[in-house]
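Structural overview for review
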Amino acid sequence: MRLTILGGGGFRVPLVYGALLGDRAEGRVTRVVLHDLDEGRLSAVARVLAEQAAGDPDAPEVTVTTDLDEALRGADFVFSAIRVGGLEGRAADERVALAQGVLGQETVGAGGIAYGLRTVPVAVDIARRVARLAPDAWVINFTNPAGLVTEAMSRHLGDRVIGICDSPVGLGRRIARVLGAHPGEAWIDYVGLNHLGWVRGLRVAGRDELPRLLADPDLLGSFEEGRLFGPQWLRSLGAVPNEYLHYYYFNRETVRAYQRAEKTRGAFLRDQQAGFYEEMRRPDAAALTAWDRTRAEREATYMAENRDAAGAGEREDDDLSGGYEKVALALMRAIARDERTTLILNVRNRGTLGVLDAEAVIEVPCLVDANGAHPVTVDPLPGHATGLVCAVKAVEREVLSAAESGSRTTAVKAFALHPLVDSVNVAHALLDGFTAVHPGLAYLT
Ligand code: G6P
Ligand code: MN
């Protein structure tokens, strides 16, 4: 089984490789091809992987290339984890948006739109190449904004592209833990768009345990989302939102926290990772140790501004191990070996949410087997969630249409229709600001 990783010089690749090393079963991945535009980043990551594999005769073989078509030919699975414009681009998104008084987060609001506008054309090119060169490959999309990018790719790859994110799994795991349930025994009733979903119930032995959580302020204070949103608001909603909804429900506070921060998240990661890749140029550097130190610091500071704004304190130890590689591996195993399982994934809606059309990519529990991911039937969203999901999907559609037509007018419409952009004038200023700093937006005329 051959896995190609696009964005193969990316910082999180060793997480995926680590998960592969733990997989011993028949039909596992035996070859990994890393593709990246930057040779320096590729060799840095290859060094970390070599240290991870040291002493393991069965470790998947790793090759690197900067030739995209060569990387795609013969792939069984393609992971796409690219970052168009790099972390400097992410930091620029934050700066431009904050200068207009709106959020510049990479997946939410104006920042998510800017990042989407420069990523979609690249993702579509990849999707077309996969369709031509590796038509039987399954594409697993990690590239943010993951729902939007998966939808763009699905127009060329149909159900062969599946988007993943670890935040719903993390949320489900935390709720199960505080309720004393085993995550494997619980059914998590979660649905929405990527970074815009809600846990509406958690069933154990057929019984919904969520009301017990919502009724107990101590339990609510004992996990991340409980502290971020506060017991009162969660009770009012009757659901537990994905952590990214903190940017919606407490927008003013999160924008202010970002404005006050010494460095925005993108700027922090840009500098932190520059240090890591620089260190990897030294021939005597301990690659795996340096990588792990950098990773731990990244995990510990994840969403720090939001936690500050909410007075939520530090992250818990259990939440520091991410889980994105586990979702990726579970998905590959289910498809490659027909190991049937249920995962929350980004797939085409079909008829799952009646308020969206069949092609809209949503985030929903899916049964996964050798035939791919099949969304399960879920209860309709409550009105407040329907409102947000439909508004944000409409914005995503404007982004897709601007990426296809190259129309500035359509791009302005995408910004202006977003619930977190409060004026059409601001939308114009945002597009001017983003196009001034991103060469990747030059196609908008
Ligand atoms: C979560 C999100 C991902 C995001 C990751 C890292 O897992 O679901 O979409 O890429 O965090 O966030 P960071 O701010 O560290 O880049
Ligand atoms: Mn995510």
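1. Overview of the domain arrangement of the chain
If you check the domain split of the chain, you get domain 1 (2–163), domain 2 (168–249) and domain 3 (251–310). Taking only C-alpha atoms into account, the centre of domain 2 sits 27 Å from that of domain 3. Listed per partner, the contact involves 9 residues of domain 2 and 8 residues of domain 3. On inspection of domain 2 and its partner domain 3, the count reaches 1 salt bridge. Between E224 and R307 there is a salt bridge whose closest N-O contact spans 3.3 Å. Summed over the shared surface of domain 2 and domain 3, the result is 6 residue pairs in polar contact (both at pLDDT 80 or more). Elements represented by at least two residues in the side of domain 2 that touches domain 3 include exactly α10 (224–229) and α12 (246–249). Per-element tally for the side of domain 2 that touches domain 3: the top contributor is α12, with 4 residues. Here the residues of the side of domain 2 that touches domain 3 are counted per class, giving 5 nonpolar, 1 polar and 3 charged.

2. Remarks on the environment of I82
Inspection of the secondary structure assignment puts I82 in the loop between β4 (77–80) and α4 (86–99). Considered as a pair, I82 and I5 are 77 residues apart in the sequence and their alpha carbons are 9.1 Å apart. Excluding residues within four positions of it along the chain, I82 makes contact with L6, G7, Y115, V122, I126 and T143.

3. Some details on the pairing of strand β13 (residues 372–375)
Taken together, the 4 bridges between strand β12 (residues 361–369) and β13 define a ladder with antiparallel strand orientation. Bridging from a neighbouring strand, V368 pairs with A373 of β13.

4. Overview of the site of ligand 1
Close to ligand 1 lie 13 residues, the nearest being R90, N144, D166, R265 and R298. H195 places a polar side-chain atom, nitrogen or oxygen, 3.2 Å from an oxygen atom of ligand 1. When each cavity is represented as a set of grid points, ligand 1 is found to reside in the largest cavity. For the shell around ligand 1, the class distribution of residues is 4 nonpolar, 3 polar and 6 charged. Shared between two domains, the shell around ligand 1 holds at least three residues of each, these being domain 1 (2–163) and domain 3 (251–310).

5. Examining the coordination of the manganese ion (ligand 2)
Ligation of the manganese ion (ligand 2) by protein atoms is provided by C165 (SG) and H195 (NE2), these donors lying 2.3 to 2.4 Å from the ion. With a gap of 30 residues between them, C165 in the loop between β6 (161–163) and α7 (167–178) and H195 in the loop between β7 (187–193) and β8 (196–204) connect regions that are remote in the sequence. The class for C165 is buried, based on a relative accessible area of 9%. By relative accessible area, which is 5% here, H195 ends up buried.

6. Thoughts on helix α13 (residues 251–260)
For α13, every residue scored as buried is listed here: T254, V255, A257 and Y258. The buried residues of α13 all sit within an arc of 160° when viewed along its axis, so they share a single face. Exposed side of α13, more than 90 degrees from the buried face: R252 and R260 are the residues found there. On its buried face, α13 is in contact with α4, α12, α14 (265–279) and α16 (304–310).

7. Some remarks on the packing of helix α18 (residues 383–405) against helix α19 (residues 408–417)
One can describe the packing of α18 onto α19 by two numbers: an axis separation of 8 Å at closest approach and a directional angle of 165°. Taken together, α18 and α19 sit at an angle that is classed as roughly antiparallel. Relative to α19, α18 is oriented so that their crossing is left-handed. Side by side, α18 and α19 meet where V395, E398, V399, S401, A402 and S405 of the first sit next to T410, A411, K413, A414 and L417 of the second. Residue composition of the contact of α18 with α19, grouped by class: 6 nonpolar, 3 polar and 2 charged.

About the criteria used
Residues numbered from 1 in each chain as written. Chains lettered and ligands numbered in written order. Predicted model: local features only at pLDDT ≥ 70, side-chain atom pairs only at ≥ 80, totals over all residues. Heavy atoms only, no water. Domains from an automatic or database assignment. Contact = heavy atoms within 4.5 Å. Salt bridge = Lys/Arg side-chain N within 4 Å of Asp/Glu carboxyl O. Polar contact = N/O pair within 3.5 Å; in protein donor to acceptor, adjacent residues only side chain to side chain. Helix = DSSP H or I, 4+ residues; strand = E, 2+ residues; numbered from the N terminus. Nonpolar A, V, L, I, M, F, W, Y, C, P; charged D, E, K, R; others polar. Pairing = 2+ DSSP bridges. Near = heavy atom within 4 Å. 1 Å grid on protein atoms, 1.4 Å probe; cavity = no way out; pocket = protein on both sides within 12 Å on 5 of 7 lines; lining within 4 Å. Sits in = over half its atoms within 2 Å of the grid points. Donors = N, O, S within 2.8 Å, 3.2 Å for Na, K, Ca; no water. Buried < 20%, exposed > 50% of the residue type's maximum accessible area, 1.4 Å probe, protein only. Arc of directions from axis to C-beta. Axes fitted to C-alpha atoms, helices over the stretch in contact; angles between N-to-C directions. Parallel < 35°, antiparallel > 145°, perpendicular 65-115°, else oblique. Left-handed = near helix turned anticlockwise from the far one by under 90°.

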